[in-house]
Amino acid sequence: MAEEYDVCVIGTGAGGGVMIDQLTAAGFRVVALERGGRVGPLDFDDDELKNVIRDQVFSPHQLETYRFDAESDSITGRFSHLAHCVGGTMTHWAAWSWRFRPDDFEVLSKEGPLAGANLADWPISYDELEPFYTKAEQDFGVAGDHTMNPFGAPQKTPLPNPRHPERVSAKKFAAGAKKLGYHPFPVPKAINSRPYGGRPRCMYGGACRAYGCPIHAKATTLSVSLPRAERTKKLDLRIEAMVYELPVDDRGRVTGARYLDAKGNAHEVRARHTIVSAGAIGTPQLLLLSKSNRFPDGLANGSGQVGRNLTFHHHPSVVGVFDEDLRTYAGFESHAAFDDLHASDPKRGFIRGGVVGELNTFTHQPIAYSVVLAGDHRFGSSWGAGLKDRIRAFPRTLTLALIGEEMPMEENGVDLDPEVEDRFGLAVPRVTKRHHENDLAMYEWYEKKLMEVAEAAGAKHVAPGRNPEVHISKTQAQKGNAHNHGTARMGNDPSRSVLDRWCRSHEVPNLWVVDGSFMPTTGGYNPTLTILANAYRVADHFIREAKKGSI
């Protein structure tokens, strides 16, 4: 009989990578299955065409469908901003590293029910996660100064690395924010501001989000967690392994995983525990593919909650053109932010909020900049002389944007497309997504505030950044995002959630999920540090209970 591993981990990104690292360090024998191949510094450069436009490095085989609601037709394409490779989507993250605030864990209790939304409290508190935030910050070398954000979560331990220097755009942004009475601060980043953890300091090349770091100054599971795990000799990492089924035995326990290699040949691994970390799009796809007589609607889906409550963040933005070179093409995605407007305020007509930052999402990428922002007709036209003038403004342009908390809606989610299959003949994930009225009200309110900040900062021309990829309305939604959450919620009620407080299935005792799927709500912050911290928390529990023989 084939070897039975202690643990099978599916996915090597933020959640899976930390679990692999912690479990192998504790002596567990782990087999890790990654649908993509190995990538590394030799694959990483700032070629926008290769990395972003054609997506040839990170997820060349990605395929999914999208529809606005259950009555709408689906369209096929790549909408989610993912990386199917060793290290997962974190490999090309922008490294913003926030802690959620204590109230982010109690949205239903703090706000009360909201018609049309499926609000919920987390089954854990900020205080329970706090020591694991510290662990994640230390391991991934977060740089910044937590004392400079008076509205951030309380924390007991300083960040391990000093803050990065400001770039010109950050100084402009901060000056505008201060003029309006806000409190700007440097964005905490898991990017080395000095040599740390055996990795060098950042060289400020400008390509972080959607790009790999060629020197590993940006912390990822590829540069931090997986090398440590491989050194233990306890890890069997199998690449280009597309998992298509989690089989169960007569007792309803998962026995491991079945996968297809690059040539489509089927394989099976056996393990006493299976940990799924395929992301909030891939995890529900896999659970729904794993049907059996015992689980006819998909594995761990007796509640019908697998795939539901998909949330992104929404991003109202404005684009300002200044007189001077702002250097946003250098540095990383964002250097400065303010959090003054984050908390709920009933006078605004919506609940919740988010953090505001300056960023270079488009202004470090000339092609995307030219295509996406060409519709700003104050330059005359979207082609010819108008387009040339717009391109000449490239170094003087700054974007301001919100990381806005979306309201979870049960009808938003991921299921299996009944018609479209991938290269292996597997049903692709189908995303159904529209926005709650609260999202739309928040979007409009923040867009006006961002206009005020840009003008206070000295921008000569200011316009809303309403490109079709991010603008939302009653009839238009984001089709995909890099921030994906909520499709396998954790909670105390098995009829309303998929996972318990330890991210263990309510129905399958040796099945765990540790990617962004577990989040009941999403705060107004980039989620990766919270996914990392939660994985450290789950790993700590797993190891402790395994030693007692209670799992």
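Computed from a predicted structure; not experimentally measured.

Caption draft 1: View of the overall build of the protein chain. When its secondary structure is counted, the protein chain shows 11 helices and 18 strands. In terms of overall dimensions, the protein chain is globule-like: its C-alpha atoms have a radius of gyration of 22 Å, near the 24 Å expected for 551 residues. Referenced to the eigenvectors of the C-alpha coordinate spread, the extents of the protein chain come out at roughly 70 × 50 × 45 Å. Split into buried and exposed, the 551 residues of the protein chain put 62% on the buried side. For the protein chain, restricting intrachain contacts to residue pairs at least 6 apart in sequence, the fraction spanning at least 24 positions comes to 74%. A total accessible area of about 20700 Å² is found for the protein chain, and carbon and sulfur atoms account for 51% of it. Each charge class in the protein chain was averaged separately, 65 positive and 68 negative side chains, and the resulting centres sit 4 Å apart.

Caption draft 2: Layout of the nonpolar core. With 101 residues, the main nonpolar core has L23, L33, F140, L246, L299 and L511 as its most contacted residues. Among the elements that take part in this core, helix α11 (residues 528-548) stands out by supplying 10 residues, more than any other. Beyond its immediate chain neighbours, meaning those up to four positions away, L299 contacts L246, V248, V254, L287, S290, V306, V508 and L511. Residues F322, A336, L402 and M442 belong to the second largest nonpolar core, which totals 23 residues.

Caption draft 3: Structural view of the sheet that holds strand β15 (residues 413-421). In space, the four strands of this open sheet follow the order β4-β3-β16-β15, with mixed pairing throughout. A single partner strand is all that each edge strand has here, and the edge strands are β4 (75-77) and β15. When strand polarity is set aside, the average angle formed by the axes of neighbouring strands in this sheet is 35°. Both strand β3 (residues 64-67) and strand β16 (residues 427-432) contribute to a ladder of three bridges, which runs parallel. Bridging across to β16, R67 finds its partner in T432. Sheet contacts for helix α7 (residues 279-289): β3, β15 and β16; angle to β15, the most-contacted strand, approximately 65°.

Caption draft 4: Fine view of helix α1 (residues 14-25). If you check α1, its first and last C-alpha atoms are 17 Å apart, about what 12 residues at 1.5 Å a residue would give, namely 16 Å. Three or more residues of α1 are buried, namely A14, G15, G16, G17, V18, M19, I20, D21, Q22, L23 and T24. Positive backbone phi, approximately 100°, marks G27, located one or two places after α1.

Caption draft 5: Summary view of the side chain of T91. Position of T91 relative to the elements: it lies in the loop between β4 and α3 (107-111). According to the relative accessible area criterion, T91 is buried, its value standing at 2%. Polar side-chain contacts of T91 include one of 3.4 Å to the backbone oxygen of G87. In this structure the side chain of T91 is engaged in a polar contact, spanning 2.8 Å, whose partner is the backbone oxygen of G88. Not counting chain neighbours up to four residues away, the residues in contact with T91 comprise V39, F44, F58, C85, V86, Y211, G212, K218, T220 and L222.

Caption draft 6: View of the packing of aromatic side chains. Scanning all chains against the criterion turns up 20 aromatic pairs. Judged by centre distance (6.4 Å) and plane angle (35°), the rings of F100 and Y525 are tilted. Residue F100 is located in the loop between β4 and α3, and its partner Y525 is located in the loop between β18 (511-513) and α11; the two are separated by 425 residues in the primary sequence. Comparing F100 with Y525, the two get one shared label, buried. Sitting over the face of the ring of W445, R348 holds its NZ or CZ atom 4.6 Å from the ring centroid.

Caption draft 7: Focus on the packing of helix α4 (residues 126-139) against α11. Where α4 contacts α11, the two axes come as close as 8 Å, and the packing angle between them is 110°. For the element pair α4 / α11, the angle class is roughly perpendicular. Considering only the axes of α4 and α11, their crossing is right-handed. Across from L129, F132, Y133, K135, A136, E137 and D139 in α4, the residues of α11 making contact are L529, T530, L532, A533, N534, Y536, R537 and D540. Of the residues that constitute the contact of α4 with α11, the class distribution is eight nonpolar, two polar and five charged.

Caption draft 8: Quick peek at the pattern of salt bridges. All chains considered together, the criterion is met by 37 salt bridges. With a shortest N-O distance of 2.8 Å, E130 and R99 are connected by a salt bridge. Of this pair, E130 sits in helix α4 while R99 sits in the loop between β4 and α3, and the two are 31 residues apart along the sequence. When sorted by exposure, E130 lands in the same class as R99, which is buried.

Reading the values: the criteria
- Residues numbered from 1 in each chain as written.
- Predicted model: local features only at pLDDT ≥ 70, side-chain atom pairs only at ≥ 80, totals over all residues.
- Heavy atoms only, no water.
- Helix = DSSP H or I, 4+ residues; strand = E, 2+ residues; numbered from the N terminus.
- Rg over C-alpha atoms; globule rule 2.2 N^0.38 Å.
- Buried < 20%, exposed > 50% of the residue type's maximum accessible area, 1.4 Å probe, protein only.
- Contact = heavy atoms within 4.5 Å.
- Areas by Shrake-Rupley, 256 points an atom, 1.4 Å probe, with all protein chains shown as cover.
- Lys, Arg positive; Asp, Glu negative; His and termini not counted.
- Charge placed at Lys NZ, Arg CZ, Asp CG, Glu CD.
- Core = buried A, V, L, I, M, F, W, Y, C linked by side-chain atoms within 4.5 Å.
- Pairing = 2+ DSSP bridges.
- Axes fitted to C-alpha atoms, helices over the stretch in contact; angles between N-to-C directions.
- Expected span 1.5 Å × (residues − 1).
- Polar contact = N/O pair within 3.5 Å; in protein donor to acceptor, adjacent residues only side chain to side chain.
- Phe/Tyr/Trp six-rings, centres within 6.5 Å; stacked < 30°, edge-to-face > 60°.
- Lys NZ or Arg CZ within 6 Å of the ring centre and 35° of its normal.
- Parallel < 35°, antiparallel > 145°, perpendicular 65-115°, else oblique.
- Left-handed = near helix turned anticlockwise from the far one by under 90°.
- Nonpolar A, V, L, I, M, F, W, Y, C, P; charged D, E, K, R; others polar.
- Salt bridge = Lys/Arg side-chain N within 4 Å of Asp/Glu carboxyl O.

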